[in-house]
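Structural description and commentary
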Amino acid sequence: MNYYQIQQMAIDEIKAHKSKVERIADEKLLSALEIEEIKELYDNIKDMKRDIAVMELEGKDIAKQSDKVEKTREKLLKLLKKNNFNVADFVPKYWCKECKDTGMKGNGICDCVNARATSNIMSVDGSREVEASFDNVNYDIFDNPDYMRQVYDRAKKFVEKIDITKYNNFTILGGVGVGKTHLMECMANFALDNHRYVIYLSAFKLNQTFLNYHTANMAEKNSIIAPLLECEMLCIDDLGCEQMLNNVTIPMLIMLINERNLASKKTVITSNLTLDEIRERYDYRLCSRLLDNNVSLTIMIDGRDLRQKNLKQG
């Protein structure tokens, strides 16, 4: 199944949710309208709004009629409350406020579709820890909790300001088990919760995608690479663990990072490598794009392997 098929499944899920919440809201409203006094006030408001629309077309003053609508609405709200109804229950609780769960925005697909599609992919294949959140970080497990609070705060601000920050790349460096992946998972989940189009994958899987692109025929190439270029935030875990494929790994990485920088798309990367090791392993053209202080933030995390630390404490 390719990404566009998964995307269509996401559209179907969103539309199904739209139908469900609209049905629930309608049922709540119909239940309230079974009370005669509520129905009378509700119908009066509808009639007065219809009259106001006609008066506006005829160029008449609608001030008095609008005042009547407001006073009738106040009576209706009091009556609803008296009968234990909440007016908010009559409004469908859509997942996406932008498209109201139609899956479309303007002439294109709404960002919520891509966000749901990639969220489904990552939840199924275990690419990320779904529970990772900025809200439940235990800083006491780190050797340097005060510094890590600053790191997590900076990472959260990067995602919060995804539309306005000048930085395109957020690189997290550090030894094995110091919390790099968890930090990136928090960033990915925060972005997804805000209906951002996020793709999260390991450097190993990214390299496989590059190889698939390299060996695909021309008709298939765009469907393979387009999601990596178009997503609002691309998360690459454990850069440096991938096998170096001649004429594939480095050229494709350069192309990917360059195109995303040009489009001001955000890329988050974790690696066990040091800055010097990254410069030694990868082409200078990649390093100049990935580590340029004008468009990139690089975070260093020091400390002991948290997994080994927890085993010893246990």
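You'll find the structure just up there.
Report follows, based on the coordinates. (Residues numbered from 1 in each chain as written. Predicted model: local features only at pLDDT ≥ 70, side-chain atom pairs only at ≥ 80, totals over all residues. Heavy atoms only, no water.)

This part is about the packing of aromatic side chains. Considering all chains together, one arrives at 6 aromatic pairs under this definition. Aromatic side chains Phe134 and Phe190 sit 5.8 Å apart centroid to centroid with 75 degrees between the ring planes, which places their arrangement in the edge-to-face category. Taken as a pair, Phe134 in the loop between α4 (111-125) and α5 (145-160) and Phe190 in helix α6 (residues 180-193) lie far apart in primary sequence, 56 residues in all. Using a relative accessible area of 22% as the deciding quantity, one classes Phe190 as partly exposed. (Phe/Tyr/Trp six-rings, centres within 6.5 Å; stacked < 30°, edge-to-face > 60°. Helix = DSSP H or I, 4+ residues; strand = E, 2+ residues; numbered from the N terminus. Buried < 20%, exposed > 50% of the residue type's maximum accessible area, 1.4 Å probe, protein only.)

Where burial is concerned, most of strand β3 (residues 169-174) is hidden: 6 out of the 6 residues are buried. Side chains Asn169, Thr171 and Leu173 of β3 all project onto a buried face; the interleaved residues Phe170, Ile172 and Gly174 project onto the opposite face, where all are buried too. By the bridge criterion, 5 bridges tie β3 to strand β6 (residues 266-271) in an arrangement that is parallel. Residue pairing in the sheet places Phe170 in a bridge with Val268 of β6. Judged from the 6 bridges that link them, β3 and strand β7 (residues 296-301) form a sheet pairing that is parallel. Bridge pairing in β7 links Gly174 to Ile301. (Pairing = 2+ DSSP bridges.)

A few words now on helix α2 (residues 36-57). If you check α2, its first and last C-alpha atoms are 32 Å apart, about what 22 residues at 1.5 Å a residue would give, namely 32 Å. Taken together, the buried positions of α2 are Ile38, Leu41, Ile45, Met48, Ile52 and Met55. Each buried residue of α2 sits inside an arc of 110 degrees when the element is viewed along its axis, so together they form one side. Exposed and facing more than 90 degrees away from the buried side of α2 are Glu36 and Leu57. (Expected span 1.5 Å × (residues − 1). Arc of directions from axis to C-beta.)

With 31 residues, the main nonpolar core has Tyr152, Phe170, Leu183, Met187, Met233 and Val268 as its most contacted residues. Contributing elements (two or more residues each) for this core: α5, β3, α6, β4 (198-202), β5 (233-237) and β7. Here this core gets 7 residues from one element, more than from any other, and that element is α6. If sequence neighbours within four positions are ignored, Val268 has contacts with Phe158, Phe170, Ile172, Met184, Met187, Met233, Leu234, Cys235 and Ile236. (Core = buried A, V, L, I, M, F, W, Y, C linked by side-chain atoms within 4.5 Å. Contact = heavy atoms within 4.5 Å.)

The backbone of Lys100 shows a phi angle near 55 degrees, a positive value even though the residue is not glycine. Lys100 gets classed as partly exposed once you look at its relative accessible area, which sits at 45%. Phi angles above zero are rare outside glycine, and Asp101 is one such case at about 60 degrees. Counting through the fold element by element, Asp101 comes out in the loop between α3 (63-82) and β1 (104-105). On the accessibility criterion, Asp101 (0% relative accessible area) is buried.

Interpretation note: all reported values are geometric properties and have no functional meaning in isolation.
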